[in-house]
Amino acid sequence: MELVLLTALGVGGATVVGALIGFAFKNISHKFTDIVMSFAAGIMLSASVIGLILPSVEYGGKYGIIITVAGIFIGAVCLNLIDKLVPHLHKLAGVDSEEHRATNLSRVILFVTAIAIHNLPEGIAAGVGFGTDDTNQAFLIAIGIALQNIPEGMIIIPPMIASGIKPSKAFLIAAFTGLVEVVGTFIGYFAVSIASFILPFALAFAGGTMLYVVSDEMLSETHGDGHQRGATYALLVGFCVMLITDILLG
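Residues numbered from 1 in each chain as written. Predicted model: local features only at pLDDT ≥ 70, side-chain atom pairs only at ≥ 80, totals over all residues. Heavy atoms only, no water.

*Asks:* Looking at this structure, how should I read the nonpolar core?
*Replies:* What tends to happen in soluble globular proteins is that the nonpolar side chains get buried as a cluster. Membership of the largest hydrophobic core comes to 30 residues, with the highest contact counts inside it found for Met-44, Leu-52, Ala-125, Val-128, Ile-145, Met-210 and Met-218. Counting residues per element, the ones that place at least two in this core are α2 (30-59), α3 (64-85), α5 (105-128), α6 (135-162), α8 (199-222) and α9 (228-249). In terms of residues, this core owes the most to one element, α8, which gives 9 residues. Non-local contacts of Val-128, meaning those with residues more than four positions away in its chain, are made with Gly-188, Tyr-189, Val-192, Leu-199, Ala-202 and Leu-203. (Core = buried A, V, L, I, M, F, W, Y, C linked by side-chain atoms within 4.5 Å. Buried < 20%, exposed > 50% of the residue type's maximum accessible area, 1.4 Å probe, protein only. Helix = DSSP H or I, 4+ residues; strand = E, 2+ residues; numbered from the N terminus. Contact = heavy atoms within 4.5 Å.)

The following block contains the structure:
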């Protein structure tokens, strides 16, 4: 339980670290954001496949591949439904200062709320990883999510400050989005601990949500403003970093 608690705090705390960086560098360029987010996308892509989807097939036994495929699509569909209710507004994070001033405060709050809601399944993914007997894989997933949370924490600060939210309040809001991830981690952990038979499906479900986030949100946002070449290489670097980390942990 201590490991789960430390992991939950680390995953959620990564958002706070990113927020502090966001305060230090208020005028973050769009190119930098695209490259950093693509690096994080590569990490999440690798972590979802290595730490969640492949173990799902392994733990699923005879019908492992069927359970895994079903879990991936159900996870993706669930996030798709969330998107229809609360659109993810990452585009607000990449605009310049003039655009920030013109941004309606309610849209910024919607943007932050969407991030908080999307952080829940990411936290669940971190918690579900501890349902396996492989602690190293659980840490791999947590590391991947934490590294993704840092740039996400960075990009939510500038639009809030530019919209008139006090720095102290902006920091608390960013911290709240991280707290959501802490809650999700415990939900995922206790779910597979209480009902271990759902572990294969839970792993695949978490993997599906992460793949959805990478494809629908991160890649679409980082490849639409002329920085796709650098973003592509950043994704490859992130993917390979997780591969190397997996080997070292193994």
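On we go.
*Asks:* Honestly, the side chain of Thr-185 in this entry has me stumped. Any pointers?
*Replies:* By secondary structure assignment, the location of Thr-185 is in helix α7 (residues 167-194). Relative accessible area serves as the criterion here: at 0%, Thr-185 is assigned to the buried category. The residues touching Thr-185, leaving out its near neighbours within four places in the chain, are Val-4, Ala-8, Gly-123, Ile-124, Ala-126 and Gly-127.

*Asks:* Would you mind showing me how to read a nonpolar patch on the surface here?
*Replies:* A surface patch of nonpolar side chains, amounting to about 590 Å² of accessible area, comprises Val-57, Tyr-63, Ile-65, Ile-66, Val-69 and Phe-73. At 4 residues, α3 tops the list of elements feeding residues into the nonpolar patch. For Val-57, the location among the structural elements is in helix α2. (Patch = residues over 30% accessible without salt bridge, like charges linked within 9 Å, V, L, I, M, F, W, Y side chains within 5 Å. Areas by Shrake-Rupley, 256 points an atom, 1.4 Å probe, with all protein chains shown as cover. Salt bridge = Lys/Arg side-chain N within 4 Å of Asp/Glu carboxyl O.)

*Asks:* Explain the packing of aromatic side chains to me, please; I cannot follow it from the model alone.
*Replies:* Between two aromatic rings, the relevant description is the distance of the centres plus the angle of the planes. For the structure on display, the rule yields 4 aromatic pairs. Seen from their ring centres, Phe-186 and Phe-190 are 6.2 Å apart, and the 20 degrees between their planes marks the pair as stacked. In this pair, Phe-186 and Phe-190 are both assigned in helix α7, 4 residues apart and thus about one turn of the helix distant. Taking relative accessible area as the criterion, Phe-190 reaches 38% and is therefore assigned partly exposed. Their ring planes at 65 degrees and their centres at 5.3 Å tell us that Tyr-189 and Phe-190 sit as a pair that is edge-to-face. (Phe/Tyr/Trp six-rings, centres within 6.5 Å; stacked < 30°, edge-to-face > 60°.)

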